[in-house]
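If you want the building blocks of each chain, they are given just below.
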Amino acid sequence: MAKITLSKLTKRFGEYEAVKGIDLTIADGEFAVLVGPSGCGKSTTLRMIAGLEEITSGEITIGDTVVNDLAPKHRDIAMVFQEYALYPHMTVRKNLAFGLKMRGYKKGEQAPLVQEAANMLGISELLERKPRELSGGQRQRVALGRAIVRKPKAFLFDEPLSNLDAKLRVQMRAELSRLHRRLATTMIYVTHDQVEAMTMGTKIVIMKDGLIQQVGSPMEVYRRPLNQFVAGFIGSPAMNFFKAMLVQRAEGVYVEAASFRVPVPERLCGPYQCVLGREVIFGIRPEDIHSFELLQQQQSAILPECRADSMICGEVEVIEPLGPEMLVLVKCGDQTTVVRLDPRLDLEVGQDINLQLDMEKMHLFDAAHPHARIEAP
Amino acid sequence: MKISERTAGYSLVLPGVFLICALLVYPVLYGVYLSFFSKHSFFPEQKFIGLTNYLYLLQDSDFWMSLWYGTVYSVSTIVLQVALGVAAALILSQTFRGRNFVRGIVLFPYIIPTVVAIILWKWLLNNQFGFINYVLFALGIVGEPVNWMGKDHIMSSLVLISVWEFFPFVVLSVLARLQTIPPVLYEAAKVDGAGQLRRFFHVTLPQLRNVLFVVILLRGIWMFTKFDTVWLLTQGGGAEKYIRTLPVYAYMRTFMYYQAGLGSALAVIMFGVLVAATAVYFNLFRRGDE
Ligand SMILES: Nc1ncnc2c1ncn2[C@@H]1O[C@H](COP(=O)(O)OP(=O)(O)OP(=O)(O)O)[C@@H](O)[C@H]1O
Ligand SMILES: [Mg+2]
């Protein structure tokens, strides 16, 4: 068990800088998820921690040891790869025992550890099989087993679930979380899937172009994204963005976009004072937009004051029923907005719809580079 | 008229079956048939003599010598070829500058005609003005020129030349297989704590197992029946006797003593030895699988 710290970590491949100096501390026992779009340097970072990739500059410590120049075998970490990387000529038992054998465990010491790991993952029946005789899900379990059998200081996962079908992925997600709770070992998990990040991580690290954009708990990064990129990346479907201007009127402060104008709640007027009259990016999540009609019918408690002037109108373009909810693409002016609505609502493509924005949940970002979140200093 | 699917099928494979019979089955059977006759190689006179050819060979010390030489030659060349070939393939699978150039060079010996290779080596190994003797002498390794084509060294020379000529085949096969081993296996092994040597023995070698099985089998058959390299090296030297392997001996019996029947018997024995060795080999491999 160990704390892992990265400081000013960089990685160059020739001229190309894949990781551009990142600082990160992962506490002992934490489940940290590195998430970001393809090519942002997640795997490279993970592989540097594992010792599979040389560090260009910076420092990595695991526990109290600087591991920059340590070979992978001396770092006492385990890694699970996307392609499983099981040794094809060895039985499951030998695959699990390999790491122990390489570390000089005697045959007699190996067996109980292998059995324990196999029991934990429910693969004791598969021990005598070869990897090619296993299904994808079973291989994944064996790969996990090979990692946990050694009881390492930390686990590193590089998109371990991306080769599984959707249902199995959900199941393995839960299982990994359970495993983490049970072992209480530091885990670093790389994925480009924000759902995996949100559901499993106790700490989410969002990366882009070799840089860390934000670090925080799942709800933190969801509620308070520090820039437009994070806001758009976390949450599915993604947050809606509008180019807008913050204007002061007699009745209060308004967000004025090309096709609508909505009032800013009084609570927020103070903090937003600094961007009055400036171009901003206005963001609102699909679940924070409601159908005006439905709210009225239900006399909903969501919006105590259903102000008619915080309403926007549009035309229903696409309806995607998902069962418990439906996603509706609404065309407002020349921009399409995604709205998450109650499926009981009777809608038809082409009809007009009035939408009520929950402005308490609004986000504002600087329209100038670097699209940082605007809030009270 | 409607041709049934069955008839159509048979008529389609018929030409193939005929070709196989004409080109494979007939010559082999004819060879076996001939081995029971006393037959002159060119004149159409033959006499059935049953197993006499075989019985004669069992008492023929020349036959036993050639079987021995053939075995020594095949086993030593295969061991050396495989060791050298795998080593070279491992080196060539690394990334380094000029790799493609070196890969091309390594394949050279396999491409040049045997005749040329033999002339080249005879020249290199010449005991009076050969380059190899010159180097050995200059380095002080030998005190006097080694007679490479003489009785004592001709087998070593033959093995050396054959290994040089045929190891690129091993390189080619092994290199092709090496490139299909997923690099992530090595990374997993690194994280699991395996050093370079253990990664070779626990990851690389097991992956090469199947290709080595085929390579050793093929090379074994080819080395045991190799004629041209051996024959060409014996030309113009007095030590011919000391590298007279089975194929050469069969050739001599057939085309120098005109004993076609005896030659055929030799060929049949060679065939039998190969079949037996292959069977044992397959069995060993299968047992190793468990
Ligand atoms: N060995 C390498 N040589 C050169 N460039 C590389 C190498 N490995 C990675 N890169 C580059 O570094 C960048 C980051 O790669 P990395 O594999 O870390 O991305 P990633 O975030 O894991 O993406 P993905 O989600 O697609 O796996 C990419 O632009 C990639 O092209
Ligand atoms: Mg990756």
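Residues numbered from 1 in each chain as written. Chains lettered and ligands numbered in written order. Predicted model: local features only at pLDDT ≥ 70, side-chain atom pairs only at ≥ 80, totals over all residues. Heavy atoms only, no water.

**Student:** Any chance you could break down the overall build of chain B for me, citing the residues and the numbers?
**Tutor:** Looking only at helices and strands, one finds twelve helices and two strands in chain B. Moving toward the C terminus, one meets the helices and strands of chain B in the order α-β-β-α-α-α-α-α-α-α-α-α-α-α. Relative to the compact-globule value of 19 Å for 290 residues, chain B shows a C-alpha radius of gyration of 24 Å, a clear excess of over 25%. The dimensions of chain B, computed from C-alpha atoms along their principal axes, are 75 × 70 × 35 Å. Across the 290 residues of chain B, 40% fall into the buried class. When the accessible surface of chain B is split by element, carbon and sulfur atoms take 70% of a total near 16,900 Å². For chain B, the distance from the average site of its 21 positive side-chain charges to the average site of its 13 negative ones is 6 Å. (Helix = DSSP H or I, 4+ residues; strand = E, 2+ residues; numbered from the N terminus. Rg over C-alpha atoms; globule rule 2.2 N^0.38 Å. Buried < 20%, exposed > 50% of the residue type's maximum accessible area, 1.4 Å probe, protein only. Areas by Shrake-Rupley, 256 points an atom, 1.4 Å probe, with all protein chains shown as cover. Lys, Arg positive; Asp, Glu negative; His and termini not counted. Charge placed at Lys NZ, Arg CZ, Asp CG, Glu CD.)

**Student:** Can you break down the packing of helix α7 (residues 154-178) of chain B against helix α9 (residues 196-224) of chain B residue by residue, with the values?
**Tutor:** All names here are of chain B. Viewed as axis vectors pointing N to C, α7 and α9 meet at an angle of 145 degrees, and their least axial separation amounts to 10 Å. Crossing of α7 over α9 shows right-handed handedness. Residues Ser 162, Phe 166, Phe 169, Val 170, Ser 173, Val 174, Arg 177 and Leu 178 of α7 form the contact with α9, whose participating residues are Thr 204, Gln 207, Leu 208, Val 211, Leu 212, Val 215, Leu 218, Arg 219, Trp 222 and Met 223. (Axes fitted to C-alpha atoms, helices over the stretch in contact; angles between N-to-C directions. Left-handed = near helix turned anticlockwise from the far one by under 90°. Contact = heavy atoms within 4.5 Å.)

**Student:** Got a sec to walk through the domain arrangement of chain A? Specific residues and values, please.
**Tutor:** All names here are of chain A. Splitting chain A by domain gives domain 1 (4-233) and domain 2 (240-366). Between the C-alpha centres of domain 1 and domain 2 there is a distance of 40 Å. The interface is formed by eight residues belonging to domain 1 together with six residues belonging to domain 2. Here domain 1 packs against domain 2, burying approximately 620 Å² in sum over the two surfaces, 55% of which is carbon and sulfur. It is Tyr 222, Gln 228 and Ala 231 in domain 1 that bury the most area against domain 2; as a group they hold 75% of the surface buried on that side. The interface formed by domain 1 and domain 2 holds zero salt bridges in total. Our count for the domain 1 to domain 2 interface comes out at two residue pairs in polar contact (both at pLDDT 80 or more). For the side of domain 1 that touches domain 2, the elements supplying multiple residues, two or more each, are α7 (218-223) and α8 (228-233). (Domains from an automatic or database assignment. Buried area = accessible area lost by both parts, 1.4 Å probe. Salt bridge = Lys/Arg side-chain N within 4 Å of Asp/Glu carboxyl O. Polar contact = N/O pair within 3.5 Å; in protein donor to acceptor, adjacent residues only side chain to side chain.)

**Student:** Tell me about the site of ligand 1, residues and numbers included.
**Tutor:** All names here are of chain A. As a matter of local geometry, ligand 1 sits amid Phe 13, Tyr 16, Ala 18, Ser 38, Gly 39, Cys 40, Gly 41, Lys 42, Ser 43, Thr 44, Glu 159 and His 192. The contact in question runs from an oxygen atom of ligand 1 to an N or O atom on the side chain of Tyr 16, over 3.2 Å. Separating an oxygen atom of ligand 1 from a side-chain N or O atom of Ser 43 is a distance of 2.6 Å. In isolation ligand 1 exposes 640 Å². Once the protein is present, 59% of that is buried. Of all the elements in the fold, those that place two or more residues in the shell around ligand 1 are β2 (16-26) and α1 (42-50). If one sorts the elements of the shell around ligand 1 by residue count, α1 sits on top with three residues. (Near = heavy atom within 4 Å.)

**Student:** Tell me about the pattern of salt bridges, residues and numbers included.
**Tutor:** Residue and element names in this part refer to chain A. Evaluated as defined, the whole model comprises 21 salt bridges over all chains. One salt bridge in this structure joins Glu 128 and Arg 93, with 2.7 Å as the shortest N-O distance. Here Glu 128, found in the loop between α3 (107-121) and α4 (136-148), pairs with Arg 93, found in helix α2 (residues 92-102); they are 35 residues apart in sequence, far enough to count as distant. For Arg 93, a relative accessible area of 30% puts it in the partly exposed group.

**Student:** Residue-level account of the pairing of strand β16 (residues 311-321) of chain A, with values.
**Tutor:** All names here are of chain A. Of the pairings in the sheet, the one linking β16 to strand β19 (residues 352-357) comprises five bridges and is antiparallel in character. Residue Met 311 lies in a different strand from β19, and its bridge partner there is Gln 356. Bridge count for β16 against strand β17 (residues 326-332) is six bridges, and the pairing is antiparallel. Note that in β17 the partner of Glu 315 across the bridge is Lys 331. If you look at the hairpin formed by β16 and β17, you'll find four residues sitting between the two strands, and Gly 323 has a positive phi there, around 100 degrees. (Pairing = 2+ DSSP bridges.)

**Student:** Give a description of the packing of aromatic side chains that names residues and reports values.
**Tutor:** Here the distance between the centres and the angle between the planes together describe a pair of aromatic rings. Residue and element names in this part refer to chain B. Following the criterion strictly, the structure yields 27 aromatic pairs over all chains and no others. With centroids separated by 6.0 Å and ring planes inclined at 50 degrees, the aromatic side chains of Phe 36 and Tyr 54 adopt a geometry described as tilted. Within this pair, whereas Phe 36 is found in the loop between α1 (5-34) and β1 (37-39), its partner Tyr 54 is found in helix α2 (residues 52-58), the two being separated by 18 residues in sequence. Look at Phe 213 and Phe 282: their rings are 5.1 Å apart centre to centre, the planes differ by 85 degrees, and that puts the pair in the edge-to-face class. (Phe/Tyr/Trp six-rings, centres within 6.5 Å; stacked < 30°, edge-to-face > 60°.)

**Student:** Provide a residue-level description of the confidence of the model for chain B, including the pertinent values.
**Tutor:** Summary statistics for chain B give a mean pLDDT of 91 and a share of 99% for residues scoring 70 or more. Interface confidence in the predicted complex, given as ipTM, is 0.86; pTM for the same model is 0.84. (pLDDT = per-residue confidence, 0-100.)

**Student:** Would you mind going over the interface of chain A and chain B in detail, with residue names and values included?
**Tutor:** Residue-level contacts link 22 residues of chain A with 15 residues of chain B. Carbon and sulfur atoms make up 62% of the surface buried where chain A meets chain B, a total of about 1,700 Å² over both sides. For the chain A face of the interface with chain B, the top three residues by lost area are Tyr 87, His 89 and Met 102 of chain A, together amounting to 30%. Seen at the junction of chain A and chain B, the total is three salt bridges. A salt bridge links Glu 187 of chain B to Arg 47 of chain A, with the nearest nitrogen and oxygen atoms 2.7 Å apart. If you look at where chain A meets chain B, you find eight residue pairs in polar contact (both at pLDDT 80 or more). Counting residues per element, the ones that place at least two in the side of chain A that touches chain B are β6 (77-80) and α2 of chain A. Tallying contributions element by element places α2 of chain A first for the side of chain A that touches chain B, with four residues. A class-by-class count of the residues in the side of chain A that touches chain B yields 13 nonpolar, two polar and seven charged. (Nonpolar A, V, L, I, M, F, W, Y, C, P; charged D, E, K, R; others polar.)

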